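A look at the structure
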Amino acid sequence: MTTSKTILVTGACGWLGTAIAQALLARGDRVVAIDLVVSPAMAALASQQQLLVNAAIDLGEWHEVLRAFQTFRPDAVIHAAAVVGVVQAADIPLKALRVNVEGAINLFEAMRLSGVRRVVQISTEETYGDFQSAVIDEEHPQKPASVYGVTKLAAEHYGRVYSRDHGLECINVRTCWVYGPHLPRLRMPRTFIEAALRGEPFHQEDGGNLAVDQVYIDDTVAGVLLALDKPHHSFDAYNVATGVAPTLRDTADAVNRAIPGARITVGDTGPYHHGGRVLSAVKGALDIGRAKAELGYQPRYDLQKGIEATIEATRAAMAKIPSPSRNRK
């Protein structure tokens, strides 16, 4: 985009949504940040940023969604709101349906009635289900093996219907395992890094041989903005990842290299289970050739560089947390 726009970001107080909103603000766009509640961090940012407007909106409430479009009149939308993750969606499947599918439909309806054409929707490799080869492109069959993947695929398909019937342009950015500073879920590499920085050994019993594309959050945000900015799209889906698939053992080794004395190990006693209990689909790498050719996307972080950046930020955050001894009188 050559001039600043008003971009409505759903799920803007979430981990990825906040990063997207900050990137838009940094380049001069006006951001309408909507979420169920306004986080303290986004409220503080709004006090410093005239281009940021926060609004507490429930995507499940149709009239609230429509009112937001009528009030703020966005030029385009980045849809990051969701019940995110295989474990969380499995635990609350009906809520995942309502948020991830019904919320998307309400958003598309509000766009249709308000004349807003483009939405970039954050999707996931979970829509593919079991990878049928080590590297897969966007034409790989979509046979999700998780509740989360089913809801995200449904949102993709609803977007296609609205694009065909109502002239919307629903673009899907399929991420893989996004990681980086302040990852809100207790999974690797966060668990590896935090244990290593505390000087504690950490052993994950299973999944050492699981190969999965892991993409640093800044690269994810860059891909989303490139999809938002492209004047004309020939495709409605792009893999935005790294194109390579390190194993979980490789990830542990990266942490061990970056933190002297770290003792992070991963066993290979069986397949990986999300949260230790929900079986993972077979993974691999996402072919990012389309995103490179069509969007000009180029990931800047390989696994080691991303791990090191995450460690630096995590170390700084942990240093700000008072130790119990400091609080003793």
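Note that the structure is a prediction, hence the values are computed from the model and not measured.

What counts and what doesn't
Residues numbered from 1 in each chain as written. Predicted model: local features only at pLDDT ≥ 70, side-chain atom pairs only at ≥ 80, totals over all residues. Heavy atoms only, no water. Helix = DSSP H or I, 4+ residues; strand = E, 2+ residues; numbered from the N terminus. Buried < 20%, exposed > 50% of the residue type's maximum accessible area, 1.4 Å probe, protein only. Contact = heavy atoms within 4.5 Å. Core = buried A, V, L, I, M, F, W, Y, C linked by side-chain atoms within 4.5 Å. Pairing = 2+ DSSP bridges. Phe/Tyr/Trp six-rings, centres within 6.5 Å; stacked < 30°, edge-to-face > 60°. Lys NZ or Arg CZ within 6 Å of the ring centre and 35° of its normal.

The residue Ser 146 is located in the loop between strand E6 (135-136) and helix H6 (147-166) in this model. Owing to a relative accessible area of 10%, Ser 146 belongs among the buried residues under this scheme. Setting aside its immediate chain neighbours within four residues, Ser 146 contacts Val 86 and Glu 126.

Bringing the nonpolar core into the picture now. One finds Ile 20, Leu 24 and Ile 78 to be the most contacted residues of the largest nonpolar core, which totals 65 residues. Other than its neighbours up to four places away in sequence, Ile 78 contacts Ile 7, Leu 8, Val 9, Thr 10, Ile 20, Leu 24, Val 120, Val 224, Leu 225 and Leu 228. In this structure, Leu 59, Val 65, Phe 108 and Tyr 162 belong to the second largest nonpolar core, which totals 24 residues.

Counting buried residues along strand E7 (residues 169-175), seven of its seven residues qualify, which places the element largely inside the surrounding structure. Burial along E7 is two-sided: Glu 169, Ile 171, Val 173 and Thr 175 facing one way and Cys 170, Asn 172 and Arg 174 facing the other are all buried. Where strand E5 (residues 118-124) meets E7, seven bridges bridge the pair, whose relative direction is parallel. Each residue of the ladder has a partner; that of Gln 121, found in E7, is Asn 172. Bridge count for E7 against strand E11 (residues 237-239) is three bridges, and the pairing is parallel. In the sheet register, Val 173 faces E11, and the bridge partner there is Tyr 238.

Let's shift gears to unusual backbone geometry. Across the junction of Met 188 and Pro 189, the peptide omega takes the value 0°, indicating a cis bond. The topology assignment puts Pro 189 in the loop between strand E8 (177-179) and helix H7 (190-197). Here the phi dihedral of Arg 73 falls at roughly 45°; this positive angle occurs in a residue that is not glycine. Structurally, the position occupied by Arg 73 is in the loop between helix H3 (62-72) and strand E4 (76-79).

Here we take up the packing of aromatic side chains. With the rule as written, the count across this model stands at six aromatic pairs. Ring geometry for Phe 108 and Tyr 162: centres 5.6 Å apart, planes at 50°, overall tilted. Placement of Phe 108 in helix H5 (residues 93-114) and of Tyr 162 in helix H6 is noted, with a sequence separation of 54 residues between them. Residues Tyr 128 and Phe 131 carry aromatic rings whose centres are separated by 6.2 Å and whose planes lie at 90° to one another, so their mutual orientation is edge-to-face. With a relative accessible area of 1%, Tyr 128 lands in the buried category. For Phe 131, a relative accessible area of 6% gives the class buried. Three or more aromatic residues link up through ring pairs in this structure, and these residues are Tyr 179, Tyr 216 and Tyr 301. Just above the ring of Phe 235 sits the side chain of Arg 290; from NZ or CZ to the centre is 3.8 Å. Note that Lys 305 overlies the ring of Tyr 301, its terminal NZ or CZ placed 4.8 Å from the centroid.

Function cannot be inferred from these measures alone, as they are strictly geometric.
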